[in-house]
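Here are the chains, one letter per residue:
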Amino acid sequence: RMMEFALDAQPDFILLGGSGSITLQSPTLFRELSVPTIKTMTRMAKEAGVPTMLHSCGKEMTLVEILATESDLDCVNPLEISPMGDCDLAELKKTFGHRFSFMGNIHTTDVMLNGSVQDVERAARKCIEDAADGGGFILSTGDQCGRDTPDENIFKMVEVCKEYGRYE
């Protein structure tokens, strides 16, 4: 019913909350408890022409593999790298880039919060190099920008995106 209500509002997209849905349970429990709902919601949204995105912090490689074959999901985020996650953006793009759009991958604390402007530029450019080819990549942090993230680091990420992240 909630999905019907959301789709009646004709949104641009629907973000499915599921943070920690694979890191807080086993893949077996994820398939049993979460996947049926995700399948239903993404099918409903697809039939309504509304893209869906799933946010799930932590280790997402198994989640991406499962949802690529068992749902109509359109986009996955935040694609955290080690130690918080297990995502290799280039590998994900190569394996599932035909199936999903991806969003994220700049380390929230090591790069955005504690890194230099040069660290942010280097990480942002690597993400673009790893996942932009062929489209379907949204440059973003691995999860969020903490309250104390330096403004200059946020501005640098946006600048790199504007300079290197444009599609033809």
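Scope of this entry: the structure provided in the associated data block. Per chain, residue numbering runs from 1 following the sequence as it is written. The model is predicted, so local features are restricted to residues of pLDDT at least 70 and side-chain atom pairs to those at 80 or more, both for listing and for counting; the totals for chains, interfaces and linings are taken over all residues. Side-chain numbers here rest on the full set of heavy atoms in the structure, without hydrogens or water.

Counting rule for disulfides: a pair of cysteine sulfur atoms within 2.5 Å. Taken as a whole and judged by the stated rule, the model has zero disulfides. Distance from the sulfur of Cys-87, which forms no disulfide, to the nearest cysteine sulfur (Cys-57) is 11 Å. Classification of residues uses two cut-offs on accessible area relative to the type maximum, computed with a 1.4 Å probe and protein chains only: under 20% is buried, over 50% is exposed, and between them is partly exposed. Using a relative accessible area of 7% as the deciding quantity, one classes Cys-87 as buried. Of all cysteine sulfurs in the structure, the one in Cys-161 sits closest to Cys-127, which takes part in no disulfide; the separation is 11 Å.

This paragraph deals with the pattern of salt bridges. One speaks of a salt bridge when a side-chain nitrogen belonging to Lys or Arg is within 4 Å of a carboxyl oxygen belonging to Asp or Glu. Following the criterion strictly, the structure yields eight salt bridges and no others. Two residues, Arg-31 and Glu-70, come together in a salt bridge whose shortest N-O distance is 2.9 Å. Pair noted here: Arg-31 is in helix 2 (residues 27-47) and Glu-70 is in helix 3 (residues 61-70), with a separation of 39 residues, a long-range link. In this structure, Asp-148 and Arg-147 form a salt bridge, with 3.1 Å as the shortest nitrogen-oxygen distance. A relative accessible area of 76% means that Arg-147 is categorised as exposed. The network of salt bridges with shared partners includes Glu-121, Lys-156 and Glu-159. Secondary structure elements are defined from DSSP: runs of H or I of at least 4 residues count as helices, runs of E of at least 2 residues count as strands, and each element is numbered from the N terminus.

Everything listed here is a matter of coordinates, which is why it stays silent on function.
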